[in-house]
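# Breakdown of the fold
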Amino acid sequence: MYDILFRLFFRRMDPERAHHLAFGWIRLAARVPVLRGLLAAVFAPRDPALKVTAFGLQMSGPFGMAAGFDKNAVGIDGLAMLGFDHVEIGTVTGSPQPGNPPKRLFRLLADRALINRMGFNNDGSAAVAHRLATRTPAFRPTVGVNIGKTKVVAEDDAVADYVTSAERLAGHADYLVVNVSSPNTPGLRDLQAVDRLRPLLSAVRAAADRAVPDRRVPLLVKIAPDLADADIDTVADLAVELGLDGVIATNTTIARDSLGLRSPAALTAETGGLSGAPLKDRSTEVLRRLYARVGDRITLVGVGGVDSADDAWERVLAGATLVQGYSAFIYRGPFWARRVRRGLAARLADSPYPTLAAAVGAGVGRPEEDPR
Ligand SMILES: Cc1cc2nc3c(=O)[nH]c(=O)nc-3n(C[C@H](O)[C@H](O)[C@H](O)COP(=O)(O)O)c2cc1C
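Residue numbers here run from 1 along each chain, matching the order of that chain's written sequence. For a predicted model such as this one, the threshold for reporting local features is a pLDDT of at least 70, and the threshold for listing and counting side-chain atom pairs is 80 or more; totals across whole chains, interfaces and linings nevertheless cover every residue. Only heavy atoms go into the side-chain values, all of them from the structure, while hydrogens and water stay out.

## As for the site of the ligand
Taken together, 25 residues surround the ligand, and among them Ala 67, Thr 91, Gly 276, Gly 305 and Ser 327 come closest. Polar contacts, as counted here, are pairs of nitrogen or oxygen atoms within 3.5 Å of one another; within protein the pair requires one atom able to donate a hydrogen and one able to accept it, and residues that are adjacent in sequence qualify only if both atoms are side-chain atoms. The separation between an oxygen atom of the ligand and a polar side-chain atom of Asn 146 is 3.1 Å. Within the contact set of the ligand, an oxygen atom lies 3.5 Å away from a side-chain nitrogen or oxygen of Asn 251. Compared with its free state, where it exposes 600 Å², the ligand has 98% of that area covered by protein. Assessed atom by atom at 2 Å from the grid points, the ligand resides in the largest pocket. We count a stretch as a helix when DSSP gives it H or I for four or more residues in a row; a strand needs E for two or more, and each element gets its number in order from the N terminus. Elements that contribute at least two residues to the shell around the ligand include exactly β4 (86–93), β6 (113–116) and β11 (273–276). Tallied by class, residues from the shell around the ligand come to 8 nonpolar, 15 polar and 2 charged. Throughout, near means a residue has at least one heavy atom within 4 Å of the molecule or strand. Using a 1.4 Å probe, the Shrake-Rupley method yields the accessible areas, and only the shown protein chains count as cover for residues. Throughout, the protein atoms alone are placed on a 1 Å grid, and a set of points is a cavity if a 1.4 Å probe fits but cannot get out or a pocket if it is open with protein on both sides within 12 Å along at least five of seven lines; lining residues have an atom within 4 Å of a point. Placement in a cavity or pocket follows one criterion, namely that more than half of the molecule's atoms lie within 2 Å of its grid points. Residues are grouped as follows: Ala, Val, Leu, Ile, Met, Phe, Trp, Tyr, Cys and Pro are nonpolar; Asp, Glu, Lys and Arg are charged; every other residue, Gly included, is polar.

And the structure:
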């Protein structure tokens, strides 16, 4: 059904316009009480077997909408209505900004992928904090808040920009994510270098604690799949050293070597971050490497090319307590989260593990068994 709608309608439309249109419908439906109840019953049936606890937060399940879909926290209820257990809003920056000029989002249909160079278009942390503070939620998914650097802020002032956002947003976040991995803000990914990441994460931790003295807001960092393996280990060690709550692996890639020759060269040559199916193997590899290094000391979130319940299950076995997706939603449509959650529950029931938590990392050698 969605396949037909996609082929006849969305596919012919500019991808960003299609996003706004579809998201507009989702948000509208979520505003009508009876309708949203009916739709939630269809799209988001509860399943106690999927319940998880991550960084001290109890969640209805492990599957979330990745950052970038709802940059401004305008559609949390709509996404919860469609079955996402958590919604990561953002990336939000210290100041509002328009992002890069269009066109900046491209569909690589034959590869089931996207390339985007949105450039953190968002309303800024003051406006988003206000929106979250005044929201009357119809559903209660876990809400993560992902923060990044305002483009015009000099790299030397990056920490202050993140701190401003953390102070404004921490009180409205179930968890906070420091994004240092989007390829579309010049210099951002350089913040992944440990000598820059350590002060940044420490400052954001302190800002969150100052802003929210009565609750320890979990803090995570989101990393790029393009890091060298040795750098992944270094970031993992730093996360343990700083007592970080989680690592999200991964953001989009600037690499193109995983693309087949299916999509037109003019498209694959577009600048930006590649997401979707071609990202799957590298994201899983990064996750597995992280888990081999940190084990259960840090909660891992697996994202990148997750399309099916099998993919989500594979991430759990590779060490992910939570799993996220974005690109496949565009291709699969509104039943996608339901299908993934259902399939995941079936995989769990067929497995030797009594709970999802028991399956986390079961496919990876534990750190002490690691031959390194
Ligand atoms: C259009 C688009 C915009 C995105 N914007 C953000 C963002 O603002 N912040 C962020 O951390 N990740 C962003 N991402 C990356 C996703 O959160 C995710 O890490 C990536 O797409 C890989 O997952 P997927 O293959 O399931 O899409 C964006 C992805 C897409 C496709």
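## Focus: the side chain of Asn 179
Here Asn 179 shows up in strand β8 (residues 175–179). Reaching out from Asn 179, the side chain makes a polar contact with the side chain of Thr 91 at a distance of 3.0 Å. Excluding residues within four positions of it along the chain, Asn 179 makes contact with Thr 91, Phe 120, Asn 146, Ile 147, Gly 148, Tyr 162, Leu 188, Lys 222 and Asn 251. Whether two residues touch is decided by their heavy atoms; if any such pair falls within 4.5 Å, the residues are in contact.

## Observations concerning the sheet that holds β6
Overall, antiparallel pairing links the 3 strands, which are arranged β5-β6-β11 in an open sheet. Only two strands of the sheet have a single neighbouring strand rather than two, namely β5 (105–108) and β11. Pairwise comparison of adjacent strand axes, ignoring direction, gives a mean angle of 25 degrees for this sheet. Strands qualify as paired when DSSP identifies two bridges or more between them. Bridging between β6 and β11 involves 4 bridges; their strand directions are antiparallel. Bridge pairing in β11 places Ala 113 opposite Gly 276. Throughout, an axis means a line fitted to C-alpha atoms (over the contacting stretch in the case of helices), and angles, computed between N-to-C directions, take values from 0 to 180 degrees.

## Details of the sheet that holds β4
Read around the closed barrel, the 8 strands follow the order β3-β4-β7-β8-β9-β10-β12-β13; overall the barrel is parallel. Across the sheet, the axes of successive neighbouring strands diverge by a mean angle of 25 degrees, strand direction being ignored. Here 4 bridges tie strand β12 (residues 299–303) to strand β13 (residues 320–325), and the two strands are oriented parallel to one another. Counterpart to Gly 302 in the pairing with β13 is Val 323. Strands β4 and β7 (142–148) of the sheet are contacted by helix α5 (residues 125–133), whose axis makes an angle of about 150 degrees with β4. Sitting on the sheet, helix α6 (residues 158–169) touches β4, β7 and β8, and the angle it makes with β7 is about 160 degrees.

## Regarding the pattern of salt bridges
Each salt bridge in this description consists of a side-chain nitrogen of Lys or Arg and a carboxyl oxygen of Asp or Glu lying within 4 Å of one another. What the rule picks out here adds up to 24 salt bridges. Among the ionic pairs, Arg 205 bridges to Asp 245, the shortest N-O distance being 3.7 Å. Pair noted here: Arg 205 is in helix α7 (residues 194–211) and Asp 245 is in the loop between α8 (229–241) and β10 (246–249), with a separation of 40 residues, a long-range link. Under the scheme applied here, a residue whose accessible area is under 20% of the maximum for its type counts as buried, over 50% as exposed, and between as partly exposed, the area being computed with a 1.4 Å probe on protein chains only. The class of Asp 245 is buried, set by a relative accessible area of 15%. Close ionic contact of Arg 289 with Asp 229 constitutes a salt bridge, the shortest N to O distance being 3.8 Å. In this pair, Arg 289 sits in helix α10 (residues 280–294) while Asp 229 sits in helix α8, placing the two residues 60 residues apart along the sequence. Judged by its relative accessible area of 30%, Arg 289 is partly exposed. Through salt bridges with shared partners, a single ionic network connects Asp 229, Asp 233, Asp 237, Arg 282, Glu 285, Arg 289 and Arg 293.

## Here's the deal with the side chain of Gln 97
Within the fold, Gln 97 resides in the loop between β4 and β5. For Gln 97, the side chain forms a polar contact with the main-chain oxygen of Phe 120, separated by 3.0 Å. Those residues in contact with Gln 97 that sit more than four places away from it in its chain are Gly 119, Phe 120, Asn 121, Asn 122, Lys 149, Thr 150 and Lys 151.

## Observations concerning a nonpolar patch on the surface
Together, Ile 4, Leu 5, Leu 8, Phe 9 and Trp 25 make up a nonpolar patch on the protein surface, roughly 480 Å² of accessible area in all. In terms of residues, the nonpolar patch owes the most to one element, helix α1 (residues 2–8), which gives 3 residues. Following the sequence through the fold, Ile 4 ends up in helix α1. What makes Ile 4 partly exposed here is its relative accessible area of 48%. For patches, a residue must show more than 30% relative accessible area and have no salt bridge; joins then use 9 Å for like charges and 5 Å for nonpolar side chains, namely Val, Leu, Ile, Met, Phe, Trp and Tyr.

## A look at the layout of surface pockets
Space inside the largest pocket adds up to approximately 740 Å³. Around the largest pocket, the lining is made up of 45 residues, and of these Ala 67, Gly 68, Phe 69, Asn 116 and Tyr 326 lie nearest the centre. Of all the elements in the fold, those that place two or more residues in the lining of the largest pocket are α2 (15–31), β6, β11 and α12 (327–332). Looking at the lining of the largest pocket, the element that brings in the most residues is α2, giving 5 residues. Grouping the constituent residues of the lining of the largest pocket by class yields 17 nonpolar, 21 polar and 7 charged. Grid points are joined across faces, edges and corners, and a volume is the space filled by probe spheres set on the points. Here the second largest pocket is characterised by a volume of approximately 630 Å³. What lines the second largest pocket is a set of 28 residues, among which Tyr 2, Leu 5, Phe 10, Ala 22 and Pro 334 lie closest to the centre. A per-element tally of the lining of the second largest pocket places α2 first, with 7 residues. Partitioned by chemical class, the residues of the lining of the second largest pocket number 23 nonpolar, 1 polar and 4 charged.

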